Amino acid sequence: VATASRRSPAVAGDGPASPGRLSGPFALGLAVALLLFGALAVTTPRLLTFDNARAILASAALVGITAVGATLVMIAGSGVSLAASQTATVVAMFFLATQQWGLWVAVPVALGSGIVLTALQGAVVGFWNANPIVLTIGTGFAIGGVTTWFSGGTPVYPEAHPYVVLNSTPLGLPLAVYVLLAAAVFAQWLLRRTTAGRQMYLVGENRGAARAAGLPVGRVTVIAWAFFGACIALTGIFLASFNTQATATLGGTLSLDAIAAVLVGGTLITGGRGSAAQTLGGAVLIALISDVLLLRGFSTGAQMLVKGILVLAVVVGVHLRTTRVLR
Amino acid sequence: MIRRWLAGPDRLVPAVSLLVVLIAFACSPLVSGKRLEPFDVYNTLQGFAQLGLLALAIGITMIAGEFDLSVVGTYALGGMLAVETGARSPLLGVAIAVAAGAAVGATQGWLIARLRIPSMPVTLATYIALLGLTYTLSGGLSKTYTNSDATLWVDQTIGEIFSPRSLVTLAAFALAAIVLGYTKLGRELRAIGSDRRASRVAGVNVDRRIVGLFAFSGIVAALGGALLSYSYASANPDPGLQPLILASVAALLGGVSLAGGRGAPLGLLAGTVSVAMLAQIVAITAMPDYTTQLLYATLLAIIVAIESPGLRDLADRLRARRAPGRHVTP
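All of these numbers come straight from a predicted model, not from anything done at the bench.

Definitions and limits used
- Here the residue index of a chain counts from 1 through its sequence in written order.
- Labels follow written order: the first chain is A, the first ligand is 1, and so on.
- Totals for whole chains, interfaces and linings use every residue, but because this is a predicted model, local features are given only for residues with pLDDT of at least 70 and side-chain atom pairs only at 80 or more, for both listing and counting.
- Values shown for side chains rest on all heavy atoms present in the structure; no hydrogens or waters enter the calculation.
- To qualify as a helix, a DSSP run of H or I must reach at least 4 residues; to qualify as a strand, a run of E must reach at least 2; elements of each kind are numbered from the N terminus.
- By the convention used here, residues are in contact when the closest approach between their heavy atoms is within 4.5 Å.
- Accessible surface area values rest on a Shrake-Rupley calculation with a 1.4 Å probe, where residue burial reflects the displayed protein chains alone.
- Just to be clear on terms, a salt bridge is a Lys or Arg side-chain nitrogen sitting within 4 Å of an Asp or Glu carboxyl oxygen.
- What counts as a ring pair is set by centres within 6.5 Å for rings of Phe, Tyr and Trp (its six-membered ring), and what kind of pair is set by the plane angle: stacked under 30 degrees, edge-to-face over 60, tilted for all other angles.
- Type-normalised accessible area, obtained with a 1.4 Å probe on protein chains alone, sets the label of each residue: buried when under 20%, exposed when over 50%, and partly exposed for intermediate values.
- Working definition for bend: take the seven residues up to and ending at a residue and the seven starting at it, fit an axis to each, and measure the angle between the axes.
- Note on terminology: a nonpolar core comprises buried Ala, Val, Leu, Ile, Met, Phe, Trp, Tyr and Cys residues joined through side-chain atoms within 4.5 Å.
- In short, buried area is how much 1.4 Å probe accessible area vanishes from two parts on joining, totalled over both.
- Note on geometry: axes are C-alpha line fits, over the in-contact stretch for helices, and angles between N-to-C directions span 0 to 180 degrees.
- Throughout this description, any angle smaller than 35 degrees is read as roughly parallel, any larger than 145 degrees as roughly antiparallel, any in the 65 to 115 degree range as roughly perpendicular, and the remainder as oblique.
- Side-chain classes are defined by residue name, with Ala, Val, Leu, Ile, Met, Phe, Trp, Tyr, Cys and Pro counting as nonpolar, Asp, Glu, Lys and Arg as charged, and the others, Gly among them, as polar.

**Q** How would you sum up the overall build of chain A? Please name residues and give values.
**A** When you go through chain A residue by residue, the secondary structure sums to 12 helices and 0 strands. The N-to-C order of helical and strand elements in chain A reads α-α-α-α-α-α-α-α-α-α-α-α. Intrachain contacts of chain A at a sequence separation of at least 6 include 79% that bridge at least 24 residues. Surface exposure of chain A reaches about 13,400 Å², of which carbon and sulfur atoms provide 71%.

Here's what the structure looks like:
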């Protein structure tokens, strides 16, 4: 079943079983929208320049890294996490607070805290079958509350500045872009070539059957969440380096932005289908569209409006294709 | 008899949370050193009014097994539309906001029902799009509401503790409770939430119910947004995620489950009052802000523990081991 996820996500199906009369207009609408967007893109000055491509990749990087991790969680059938923003914030605070001991301490501390915090939630979901939305709203409150408690509501400033290395731009691209690519390649390898990765698809496809077949449902779920935690931590590290201080709102809307990127990549919200490469595509597509609208002088509001419509179109398109395959 | 009435978590959770919060509220003078005034109750009800319609909107979709994330988008859009169109006639502003909410909700409901898509990704997309639309309407800025008569009117005190805003919110809960309690709609929603295919087979017009449900959710959320903007005398294009999360907490404390099939408007009412009162207790006793967050986290942890099937199995197994020979049903 998992091989079906190789298909390109953004192309609408043309003949699903049940809602047959809908798909024609839908495919037509999507084609028209793509053509319009293509025309807009080609006629936009400065779009096809190296500098602009760099800007697009850079703006996709931070959300993209978290989204790659969120892909594994969604594929494994745990749905979504609404605690990513808070986790990234607390990781950023740990990272900046440990700067005086150098990056060799700060990065492992940050990665470790992200992995532990997120893998614990994965354990509750995987072993006890808890509802991930309720759980992650709760952990979001807990992490946010404890963070404010210990930081006293004031920003965390670093005592030393070894982190500036992470703001370097080798070959003209921000380091975060390389990390995004590496994370996507690693996630793709994990999903395709390791036992745990293959089992994520099976667990996501049908949890009960996977459990009945003797698959280690809990362990697989924890591995997916642990990788997600590492990705959130990487985002947190780059957020901290970029902002040079960490406030309680540093994470912003990371949780929802990451979910949007995963969905635009065509990963199924119910699990069992999707890939990290598609999520990479989704993150870049969202960044590309925002960039075109920005260059064209559209407001933030128009960018968000188009992003929402894009997510909706892809969700509907992917759903129509999936149901056609399954029915 | 009370034990049997409280047997299910849909009654137990809201009853216990309301009781605990009420006791804490009554005891709060011990910490603050000041007597409770009617004004404290008024403030609690104002907090309830701010959250209530949103909690009703999201909670009622959760009863039917859906999760309408877009309510905050509708809330923001409703508030902005009411402010922009209701300067001369506040009622017209509310009407336009509510009409927009109904249209957005019905469209989403139609997509979800007709195509049988999970509601979470659809409503997430709508949420982003609606925020974008609200930004576009306002140019990304807060809009001031110039009709100060309406602002004064919605928050005036009635009988020392009420305001028109909290009375409208209470009326919406009462209406939902009466309609769901005395018609077959309530049972149908719970049936749709617990087993959609079975309720379809049993003759429930599932698609139409879902369209109506999301339209209702949109109407209520837009009304909440409009009333809030009138009260603040301004509309904010981005309320953030906090209202959504608080409304979900209120619904969960109200005994609704995210899996669907469980809950009632009166439970939602108890859950929302609990959340509002908790915030008021923290304000009265001048505890630091993060205390509220930690309290919500604790409450959600309890809900996770009650709800998660794995933990329940574990508890059953432990009980079975302690009392050998007794049959334990899972």
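Next comes the rest of the account.
**Q** Tell me what's going on with the pattern of salt bridges, and back it up with residues and numbers.
**A** Residues and elements named next belong to chain B. As enumerated under the stated definition, the model contains 8 salt bridges over all chains in all. With a shortest N-O distance of 2.5 Å, Glu-188 and Arg-209 are connected by a salt bridge. Taken together, the residues span a long stretch of sequence, with Glu-188 in helix H9 (residues 185–194) and Arg-209 in helix H11 (residues 206–232) at a distance of 21 residues. Within the structure, one salt-bridge network assembled from shared partners comprises Lys-184, Glu-188 and Arg-209.

**Q** How would you sum up the packing of aromatic side chains? Please name residues and give values.
**A** Applying the stated criterion to the full structure yields 9 aromatic pairs over all chains. Aromatic side chains Phe-186 of chain A and Phe-227 of chain A sit 5.7 Å apart centroid to centroid with 35° between the ring planes, which places their arrangement in the tilted category. With Phe-186 of chain A in helix H6 (residues 175–193) and Phe-227 of chain A in helix H9 (residues 217–243), this pair connects stretches of sequence that are 41 residues apart. Given the relative accessible area of 11%, Phe-227 of chain A is considered buried. One aromatic cluster is present, formed by Trp-149 and Phe-150 of chain A together with Tyr-290 of chain B through successive ring pairs.

**Q** So, helix H3 (residues 38–63) of chain B: which residues are in play, and what are the values?
**A** Helix geometry: H3 of chain B is bent most strongly at Leu-51 of chain B, by close to 40°. Among the 26 residues that make up H3 of chain B, 20 are buried, leaving the element largely enclosed by the rest of the structure.

**Q** Please provide a residue-by-residue account of the nonpolar core, values included.
**A** Phe-95, Phe-141 and Met-200 of chain A are the most contacted members of the largest nonpolar core, which has 177 residues in total. With 13 residues, the single largest contributor to this core is H9 of chain A. Discounting residues that sit within four places of it in the chain, Phe-141 of chain A has contacts with Gln-242, Ile-245, Leu-246, Val-249, Gln-293, Tyr-296, Ala-297 and Leu-300 of chain B.

**Q** How would you explain the interface of chain B and chain A if you had to name every residue and give the values?
**A** Listed as interface residues are 42 residues of chain B and, on the opposing side, 42 residues of chain A. Sorting the residues of chain B by area buried against chain A places Leu-115, Ile-128 and Tyr-290 of chain B first, and these three jointly supply 15% of that buried surface. In this structure, the connection of chain B to chain A is made through 0 salt bridges. Residue assignment for the side of chain B that touches chain A shows that the elements contributing at least two residues are helix H5 (90–115), helix H6 (119–138), helix H12 (242–253), helix H14 (290–307) and helix H15 (309–322) of chain B. Looking at which element gives the most residues to the side of chain B that touches chain A, the answer is H6 of chain B, with 13 residues.

**Q** Describe the environment of Arg-165 of chain B, with residues and values.
**A** Residue and element names in this part refer to chain B. Here Arg-165 lies in helix H8 (residues 164–182). Overall, the relative accessible area of 5% leaves Arg-165 in the buried class. The spatial distance from the C-alpha of Arg-165 to the C-alpha of Glu-307 is 34 Å, given a sequence separation of 142 residues. Once residues within four sequence positions are removed from consideration, Arg-165 is found in contact with Gln-46, Ala-49, Gln-50, Val-154, Asp-155, Leu-227, Leu-228 and Ser-231.

**Q** Give me the lowdown on the environment of Gly-65 of chain B, citing residues and values where you can.
**A** All names here are of chain B. Structurally, Gly-65 can be placed in the loop between H3 and helix H4 (71–85). The sequence separation of Gly-65 and Phe-173 amounts to 108 residues, and the corresponding C-alpha distance is 19 Å. Apart from residues no more than four positions distant in its own chain, Gly-65 is found in contact with Gly-193, Arg-196, Ala-259, Gly-260 and Gly-261.

**Q** Lay out the packing of helix H7 (residues 195–205) of chain A against H9 of chain A in plain terms, naming residues and giving numbers.
**A** Residue and element names in this part refer to chain A. The N-to-C vectors of H7 and H9 enclose an angle of 110°; their axes lie 9 Å apart at closest approach. One element, H7, and the other, H9, form an angle in the roughly perpendicular class. Contact residues: H7 offers Ala-196, Gln-199, Met-200 and Val-203, while H9 offers Val-217, Val-220, Ile-223 and Ala-224. Residue composition of the contact of H7 with H9, by class: 7 nonpolar, 1 polar and no charged.

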